[in-house]
Amino acid sequence: MKPRTKLQVEVMRLSKELHYRENELLPWASKECLEHKGYATKSRVVCMDCGGKFSPELVSRKRAVCPHCKTKIKVEQSRKTTDKQSVYFAIAEIIGEFQVIRNFELTAHYKAGVTAQYSCWEILQHWVRSDGKKEVVARNHTVNWYCDSWNGDMEIRKDYPRYYRQGEKYDIYPYKYHPDSEFKDIYRMYGINENLQGLTFIEAIGLLPKNTKAETLLKAKQYSLLGSNSEYNNRIERYWASIKICIRNKYKIEDASIWFDYLDLLRYFGKDLHNAHYVCPKNLKKEHDRLVKKKRKKQEQEESEQKKRKAVEDEKKFRELKAKFFGIEFTDGEINIKVLSNVQDYVKEGDTLHHCVFTNNYHLKADSLILSARIKEKPIETVEVSLKTMKVVQSRGLRNSVTEYHDRIVRLVNKNSRLIKKRIVAT
């Protein structure tokens, strides 16, 4: 896009005067911004950084130091011999009255036996003037379901909110900022520096200084919570006292999503959310999983109690509907089939075979009769018989499956349906 305003003309002029930094930044970026991996089989490990091979005996807990290039690598079990990585990184500079964020794309190609090949180019610049006015200089960014690529020359660019969420197209999230980054004092005062995580620079200056909680989180380096600020605003408000306890105890929340879920669980169990012992766990995932398991067990107990109460409430109506069929039982010598004669039997049948015979109120259906097919008193299928047609409507085993005894059960019920009909005629 051709510069049209005085600001755009000035930004474009200054941008063209910036010196080329790709070769200067590449050694740092290739070491600090990429994952260093090795692929292992039973007989060898390939270091994807240098392409060299070495013995699996040098691997300890999926970690190793390559004996050839001395790189610390993460080892994965795989027969792969090629790989590719791509990542964004940035460096901040002060040019005149502008704060400039220069973003680069680093791509690495790996192949066994060959040293990794790197390519790096500048793709995006944010120019922010002291009065807050901003301009973007970038290559064209193509973003859709199938493509995320950069092409063309560095030009003045504009976002198009009609097709993209605001800021999505030309506000990328850099994995890291170069340690030599320069930020204006006004930004450093709010905690915006080379350690910024969870937010892009543009998002950060958009939040500050009007959002005091975001400022506090930024200064405390609680970057995970910052990244969740828009998504979890209500939960940040709800648990702000607990967050301040974490900050005072210098407890860094690495995963905001799990931590918030963990606090929800603490609240469920009535724990003190102002106690550092609870809100600053040494092993967050372990404590989270323990409480999830405990909650699930409690819910199962509550569900069981609820079922028992409902069974007692339904018992009278159930007997009015089905008492005339109580005692019906028949067998073929191996399979025994009998009418369920109380509501608690329906509860046990549903719990044993993990189906909905009780929860869907089959015991209160006036036009059907439920029988249990068993071998040595162990339920194998639950049978529903229509009282209008005297035919089997369905017969379900564990988790609604059809067992190897299904056809025998259906034949046995049909053969003895006269016993059911006889009770109906008698009444």
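Small disclaimer: the values here were computed from a predicted structure and weren't measured.

(A) Here's a closer look at the sheet that holds strand β2 (residues 45-47). The sheet built from 5 strands is open, its strands ordered β3-β2-β1-β5-β4 with mixed pairing. Every interior strand has two partners, whereas the edge strands, β3 (53-54) and β4 (63-65), have only one. Bridge analysis of β4 against strand β5 (residues 72-77) gives 3 bridges, and the strand direction is antiparallel. Of the residues in β5, the one forming a bridge with arginine 63 is lysine 74.

(B) Expanded view of the sheet that holds strand β8 (residues 114-129). Spatially, 5 strands are ordered β6-β7-β8-β9-β10 in an open sheet, and the strand pairing comes out antiparallel. In this open sheet, the two strands that pair with only one neighbour each are β6 (82-95) and β10 (148-157). For this sheet, the mean inter-axis angle between neighbouring strands, taken without regard to orientation, is 25°. Note: strand β9 (residues 134-143) against β10, 7 bridges, orientation antiparallel. If you follow valine 136 over to β10, its bridge partner there is arginine 157. Taken strand by strand, helix α1 (residues 6-17) contacts β6, β7 (98-111), β8, β9 and β10, and its axis lies near 75° from that of β9.

(C) View of the nonpolar core. Formed by 43 residues in total, the largest nonpolar core has its most connected members in Ile192, Phe201, Leu225 and Trp259. Among the elements of the structure, β6, α4 (201-207), α5 (212-219), α6 (223-227), α8 (240-248), α9 (256-268) and α11 (284-322) are those that each provide at least two residues to this core. With 7 residues, the single largest contributor to this core is α9. Residue contacts for isoleucine 192: discarding those within four places in its chain leaves Phe183, Tyr187, Phe201, Ala204, Ile205, Leu208 and Leu218.

(D) Here's a closer look at the pairing of strand β15 (residues 392-396). In the sheet, strand β14 (residues 378-386) pairs with β15 via 4 bridges, with the strands oriented antiparallel. Along β15, the bridge assignment pairs valine 385 with valine 392. Adjacent in sequence and paired antiparallel, β14 and β15 are bridged by 5 residues, among which methionine 390 carries a positive phi angle near 65°.

(E) Quick peek at the pairing of strand β13 (residues 368-375). Most of β13 is tucked away, with 8 of its 8 residues classed as buried. A two-sided burial pattern is seen for β13, the buried positions comprising Ser368, Ile370, Ser372 and Arg374 on one face and Leu369, Leu371, Ala373 and Ile375 on the other. Here 4 bridges tie strand β12 (residues 336-339) to β13, and the two strands are oriented antiparallel to one another. Residue pairing across strands places valine 339 opposite leucine 371, the latter belonging to β13. Hairpin connection from β13 to β14: 2 residues lie between these consecutive antiparallel strands, with lysine 376 at a positive phi of about 55°.

Rules behind the numbers
- Residues numbered from 1 in each chain as written.
- Predicted model: local features only at pLDDT ≥ 70, side-chain atom pairs only at ≥ 80, totals over all residues.
- Heavy atoms only, no water.
- Pairing = 2+ DSSP bridges.
- Helix = DSSP H or I, 4+ residues; strand = E, 2+ residues; numbered from the N terminus.
- Axes fitted to C-alpha atoms, helices over the stretch in contact; angles between N-to-C directions.
- Contact = heavy atoms within 4.5 Å.
- Core = buried A, V, L, I, M, F, W, Y, C linked by side-chain atoms within 4.5 Å.
- Buried < 20%, exposed > 50% of the residue type's maximum accessible area, 1.4 Å probe, protein only.

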